[in-house]
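In case you want the letters, here they are:
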Amino acid sequence: MIEPSIKDVQKLPIPSSISVSNDGSKIAYTLIKPNFKDNYYETHCYVYSTDSKKTIQLTYEGSISNIEWMDCDSLAYIYSNPSIKEKKPQVYLFKDLAGQPLQLTDHKSGITSFKFFEKGLLYLADDPDYFEERKNIYGDLIHSERDSSASNIYYLNIPKILRYRDELKLVDDKQGKKIPKPILDLKKYMNINRKIESIIVPNSHSGKFIVNTRERDDLVFLQKKKSYLMNINLDNVLAKFLAYQENDDKDKEEKEIFGEFDFKALNLFEESSVLAFSPDDFKILIDLKIDGKLFYHQTELSVLSLDQLNSENLENIILKQCITNSFDHEPFSVKWVKSGIYLAHAAYSTINIQKFDLNGTFERIHFGIYSPNYEFSVSNDGLISSYISNTEKYHEVAFIKEGKLEIITNLNKLIENWKLGSSESITWKASDNLEIEGVLRKPLDFDPSKKYPLVFIVHGGPTSYSDNSILTYYLMRYYPAVQFLNRGIIVVEPNYRGSIGRGKAFMKKYAENIGFGDMDDLESAIDHLVKQGFVDENKIGCMGWSQGGYISAFLTTHSNRFAATSVGAGVSSWKTYYNSNDIRQWAVHYLGGTPLTNSEYYKKTAPMNNVLNAKTPTLFQHGELDQRCPLPNATALNRALMELGVETDLFIIKGMPHGITKPRENMAVLHQNLKWFSHYLLGEALDWTE
């Protein structure tokens, strides 16, 4: 059998977006592949016909996102090419899935998302001129947590924009500037300066759509949301706008000609957004938090009819019509089609998809021996497509209709005869008797009579989970688990307290004992596995990214049971984190206040607080531009360990934010982690020059 290299694993295509046409006749999906030459991840689009059972590849270069069906034969997407900096993401349309794609947008700052609406599309993009006047006077600056948002919403009519582009080909640039572009700037008439997060469109040509917003761009305003219901014939407005632009005698103000837009704010809870219209467009689905507004409070779903939005007791109606009261899971993606409301959620170390009715009754959609992914799509008649995997099989794109599962890709052929080890879910008890669950990965030739080194791979969040699939995204981008297994190192991925997939009570557990509870969950796993006789308790490591990085850093300074740790984009000081990161309310929610109001807990749970007792060799990996867990968290703890004579290395990954987004840099992270633990757990030489 073949022992795949890090690059072999990195090069595997990863299924990404999925979109099923309304009639279920076609499934569009994307596969992510690394382009090492230009150092970015390409995303290619494919379309499968459920009638002919054939697949066509639509795109061959660049990156594709936001795939949307205009009708059952025409597909649009956002195309970008990160290797060409001047080429911004734009919307393209493959009419009838034939010929060359038609470019629909040419927005200066690029498109972030879009939805088909009426005879065209609504799209979100930043207004490229929003800060231009200030920039021309004072230079390029940010007024932190004070700037209003440059985000904007636009409407274009597809037949008109294609005609406009044809007209431009017949004239010179000077004449072309006189031809009005058939695009409406909607925010200009909405009189709001909020960050526009998403657009929710109806299923019919009703003229209604909903805009979800938050107060500002800054993520500290993440829970200060407001949704607006728009009701307007945009094609009529666009016709008036074009007539106005062609009129040389512009005596009236532009806004006066069109009149006021018919839109109103919805009086939902401050943390709520609208997720979908009902199939008949008379109802909406919203999210909310019932137990509280903190990050570790579980999200619920409620259904409202549009005529209830003006009710004086709307809050009581929202609570009464919650459909997830008896469903104790955090929902991922949610879809509402004629056959029902579908949602994906974590369940321990797997994903389930459930189908709900309006009474809150739900039933699980079974994918046989496989687990689906939270990325899924549903046709009106209930054909569900997702990518599936299990403890033995890599991801495949599949669909299920009337209980029958069909797999439409053959990605497992790429890993035939690969040694990937085995995967299983296990449970153990922490010292407080709390049951902890996780994923145990063992070498393919595992011998229970031998003692193996062990590495923990700790997920971030903490409201996330580790999946028991044979090969997951993070094992292909950050953690060289396959290579560990083939070198005789066992891997455990704990779904520690605070993880999703175990219900609301388990999610709340994290805030009760940050750091110390994490340490107990991992150390109790060590005890559990050592008792089984196949783990060498003197050769144990821990690695993680983000919150997993914090946990690794905490173990560095608080535990004597680890031979080495790796801290990826972690936190060493909660005070530093609170004062310098982009989402400081995370600390307020989980640490019960600010550094001013709860300074003792901030100090007690910080890895730096116990650094004088640290002896564990520690590797740091951190993005240079990380705003979530800023770089000083790594540099401070690294320098302290160096001063104390503890073995430590720090790699600052240039140009990278909180996550690592380029193939070469991902390869560096994988190789660094492999070398670090091969040295401290297997005794191999540590040579960073190789």
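These numbers were taken from a predicted model, which means no experiment stands behind them.

Q: I'd like a rundown of the overall build of the protein chain, residues and numbers included.
A: When helices and strands are counted, the protein chain shows 18 helices and 35 strands. A compact globule built from 690 residues should have a C-alpha radius of gyration of about 26 Å, and the protein chain, at 26 Å, falls within 12% of that. With respect to the principal axes defined by its C-alpha atoms, the protein chain has extents near 85 × 60 × 55 Å. Residues counted as buried form 58% of the 690 residues belonging to the protein chain. Counting contacts in the protein chain only where the partners sit at least 6 residues apart, residues at least 24 apart contribute 59% of the total. When the accessible surface of the protein chain is summed, it comes to about 29,900 Å², and 47% of that surface belongs to carbon and sulfur atoms. The protein chain carries 79 positive and 89 negative side-chain charges, and their two centres are separated by 1 Å.

Q: Give me the layout of surface pockets: which residues, what numbers.
A: Put simply, the second largest pocket is a space of about 880 Å³. In this structure, the second largest pocket is lined by 32 residues; those nearest its centre are Phe131, Leu141, Ile142, Asp147 and Asp217. When residues of the lining of the second largest pocket are traced back to their parent elements, those giving at least two are α2 (132–138) and α14 (574–580). By residue class, the composition of the lining of the second largest pocket is nine nonpolar, eight polar and 15 charged.

Q: Give me the sheet that holds strand β27 (residues 404–407): which residues, what numbers.
A: Reading across the sheet, the four strands line up as β24-β25-β26-β27 and stay open at both edges, with antiparallel pairing between neighbours. Each having just a single partner strand, β24 (376–378) and β27 make up the two edges of the open sheet. Between one strand axis and the next, the sheet turns through 25° on average, direction left out of account. Direction of pairing for strand β26 (residues 396–401) relative to β27: antiparallel, over a ladder of four bridges. Bridge pairing links Lys401 to Lys404 in β27.

Q: Break down empty space enclosed by the protein for me, with residues and values.
A: Under the counting rule described, the total for this entry stands at one cavity of 30 Å³ or more. Reported here for the largest cavity is a volume of approximately 30 Å³. Around the largest cavity, the lining residues are Ile6, Val9, Gln10, Leu475, Met476, Gln483 and Leu670. Contributing elements (two or more residues each) for the lining of the largest cavity: α1 (6–10) and α9 (473–477). Broken down by element, the lining of the largest cavity gets its largest block of residues, three residues, from α1. Grouping the constituent residues of the lining of the largest cavity by class yields five nonpolar, two polar and no charged.

Q: So what's going on with the packing of aromatic side chains? Which residues, and what values?
A: Counting across every chain of the model gives 37 aromatic pairs. When the centroid spacing of 4.9 Å and the interplanar angle of 85° are considered together, the rings of Phe516 and Phe554 count as edge-to-face. With Phe516 in helix α12 (residues 516–531) and Phe554 in helix α13 (residues 547–558), this residue pair connects regions lying 38 residues apart in the sequence. With a relative accessible area of 25%, Phe516 lands in the partly exposed category. Note on Phe554: relative accessible area 1%, which makes it buried. With centroids separated by 6.0 Å and ring planes inclined at 50°, the aromatic side chains of Tyr550 and Phe554 adopt a geometry described as tilted. On the criterion of helical spacing, the pair formed by Tyr550 and Phe554 is a turn pair, its members being four residues apart in helix α13. For the pair shown, Tyr550 and Phe554 are each scored as buried. Through pairs of rings, three or more aromatic residues link up here, namely Tyr296, Tyr496, Tyr510, Phe516, Tyr550, Phe554, Trp574, Tyr577, Trp586 and Tyr590. Directly above the ring of Phe446 sits Lys442, whose terminal nitrogen or CZ lies 4.4 Å from the centroid.

Q: Any details on the environment of Gln532? Residues and values, ideally.
A: Inspection of the secondary structure puts Gln532 in the loop between α12 and β32 (535–545). Given the relative accessible area of 42%, Gln532 is considered partly exposed. Residues Gln532 and Lys451, 81 residues apart in the sequence, show an inter-C-alpha distance of 9.9 Å. A polar atom in the side chain of Gln532 sits 2.8 Å from the side chain of His528.

Q: Residues and numbers for a nonpolar patch on the surface, please.
A: Taken together, the side chains of Ile137, Tyr138 and Leu141 make up a nonpolar region of the molecular surface, amounting to roughly 360 Å² of accessible area. Within the fold, Ile137 resides in helix α2.

Q: Could you give me a rundown of unusual backbone geometry, with the residues and numbers involved?
A: Glycine aside, negative phi is the norm for most residues, and most peptide bonds take the trans geometry. Of note, the bond from Gly461 into Pro462 is cis; its omega dihedral lies within 30 degrees of zero at 10°. Mapped onto the fold, Pro462 is located in the loop between β30 (452–458) and α9. Positive phi, normally seen in glycine, also occurs at Tyr348, with a value near 55°. Residue position: Tyr348 is located in the loop between β21 (340–347) and β22 (350–356). We classify Tyr348 as partly exposed; its relative accessible area is 38%. The residue Ser546 is not glycine, and still its phi comes out positive at about 65°. You can see Ser546 is positioned in the loop between β32 and α13. Given a relative accessible area of 17%, Ser546 falls into the buried group.

Q: Residue-level account of the side chain of Ser80, with values.
A: Among the structural elements, Ser80 can be located in strand β6 (residues 75–80). For Ser80, a relative accessible area of 17% corresponds to the buried category. Excluding residues that lie within four positions of it along the chain, Ser80 makes contacts with Gly62, Ser63 and Pro89.

Q: Mind laying out the sheet that holds strand β10 (residues 120–126), listing which residues take part and the relevant values?
A: The strand order β9-β10-β11-β12 describes an open sheet built from four strands, whose pairing is antiparallel. Edge positions in the sheet fall to β9 (111–117) and β12 (183–185), since each of these pairs with one other strand and no more. Averaged over neighbouring strand pairs, the angle between their axes works out to 25° when direction is ignored. Sheet contacts for helix α3 (residues 158–168): β9, β10, β11 (151–157) and β12; angle to β11, the most-contacted strand, approximately 80°. The sheet strands contacting helix α6 (residues 234–246) are β9, β10, β11 and β12, and the helix crosses β12 at an angle near 100°.

Rules used throughout
- Residues numbered from 1 in each chain as written.
- Predicted model: local features only at pLDDT ≥ 70, side-chain atom pairs only at ≥ 80, totals over all residues.
- Heavy atoms only, no water.
- Helix = DSSP H or I, 4+ residues; strand = E, 2+ residues; numbered from the N terminus.
- Rg over C-alpha atoms; globule rule 2.2 N^0.38 Å.
- Buried < 20%, exposed > 50% of the residue type's maximum accessible area, 1.4 Å probe, protein only.
- Contact = heavy atoms within 4.5 Å.
- Areas by Shrake-Rupley, 256 points an atom, 1.4 Å probe, with all protein chains shown as cover.
- Lys, Arg positive; Asp, Glu negative; His and termini not counted.
- Charge placed at Lys NZ, Arg CZ, Asp CG, Glu CD.
- 1 Å grid on protein atoms, 1.4 Å probe; cavity = no way out; pocket = protein on both sides within 12 Å on 5 of 7 lines; lining within 4 Å.
- Points joined across faces, edges and corners; volume = space filled by probe spheres on them.
- Nonpolar A, V, L, I, M, F, W, Y, C, P; charged D, E, K, R; others polar.
- Pairing = 2+ DSSP bridges.
- Axes fitted to C-alpha atoms, helices over the stretch in contact; angles between N-to-C directions.
- Phe/Tyr/Trp six-rings, centres within 6.5 Å; stacked < 30°, edge-to-face > 60°.
- Lys NZ or Arg CZ within 6 Å of the ring centre and 35° of its normal.
- Polar contact = N/O pair within 3.5 Å; in protein donor to acceptor, adjacent residues only side chain to side chain.
- Patch = residues over 30% accessible without salt bridge, like charges linked within 9 Å, V, L, I, M, F, W, Y side chains within 5 Å.
- Salt bridge = Lys/Arg side-chain N within 4 Å of Asp/Glu carboxyl O.

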